[in-house]
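# Per-entry structural report
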Amino acid sequence: MSTILSNIKNAKNAIAVLIDPEKTSDEPQLKSILEKASNASIDFIFIGGSTVSSHVFQKTAACINKYSTIPLVIFPGSSQQISEKADGLLYLSLLSGRNPDFLIGHHIDSAIELNEMDLEIIPTGYLLIDGGTQSSVAYVSQTTPIPRSDLSIAKRTAIAGKLQGKQVLFLDAGSGAKHAVPTNMITAIKQVGLPLIIGGGIQTVDQIREIHTAGANIAVIGNKIEADVDFLLEIKEYKNEGMESMMY
């Protein structure tokens, strides 16, 4: 049986749409986004946010489950953001910071409940990269991002995550970032040998293409679609280009 982890490992030029329930909790709006995401052949729906309440999270997860068949993966901002309505959960450890709550604290708080759920748990090393502005993740976690020019720290942190047993690496410039994760950093981290997810600051199809070419398995789009849902039409064209190239 196919699993979320195997889908991530095998993903090539994949795209995930990130739904922040705090910003996208209106059901008609969410339904429209999900319909357009399906039409654009989006590979994953991620759900999560830095300051989302449990009630709003559960409501949004149920709504996504109702209107979408795209694999739903939780990208949790806290121990309260869990739901059996999803297919999987990125079990994030914020390796780039030194805040114990985000290294292990939230994990302990949710451990018993998660252990009893029929939910695929994916140990994920999470690295926050400087995106040119203070992100909500940096503010809430009270951690400092890795400088975008410091490939050595980023790569050593990623290797440490692999040695700890992480199955996936997620490099994030943060919500509303001015700059996406640099492509030379993506290429360097790809050498660690784990599936790679890249998010934050992605505003154009050209950036998506560059991120995929640099080695990312999945590019995550969030704020851009919140501001301009028709960006999914451009993504559809990009996905179609990829399908056509595979045929020749």
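Quick look at the structure, then.

Procedures and definitions
Residues numbered from 1 in each chain as written. Predicted model: local features only at pLDDT ≥ 70, side-chain atom pairs only at ≥ 80, totals over all residues. Heavy atoms only, no water. Helix = DSSP H or I, 4+ residues; strand = E, 2+ residues; numbered from the N terminus. Buried < 20%, exposed > 50% of the residue type's maximum accessible area, 1.4 Å probe, protein only. Pairing = 2+ DSSP bridges. Axes fitted to C-alpha atoms, helices over the stretch in contact; angles between N-to-C directions. Contact = heavy atoms within 4.5 Å.

### A look at unusual backbone geometry
- Positive phi outside glycine occurs at N13, with the angle close to 55°.
- Tracing the sequence through the fold places N13 in the loop between α1 (4-10) and β1 (14-19).
- Under the relative-accessibility criterion, N13 is labelled partly exposed at 37%.
- Of note, the phi angle at S41 is positive, near 60°, even though the residue is not glycine.
- On the basis of relative accessibility, which here comes to 41%, the residue S41 falls in the partly exposed class.

### Notes on the sheet that holds strand β3 (residues 72-74)
- Taken together, the eight strands give a closed barrel; going around it, the order is β1-β2-β3-β4-β5-β6-β7-β8, and neighbouring strands pair in parallel fashion. If you compare each strand with its neighbour and ignore which way they point, the axes differ by 30° on average.
- In this fold helix α3 (residues 54-67) packs onto β1, β2 (44-47) and β3, with an angle of close to 165° to the strand it touches most, β2.
- Where helix α7 (residues 183-190) meets the sheet, it contacts β6 (168-172) and β7 (196-199), and its direction lies at approximately 160° from that of β7.

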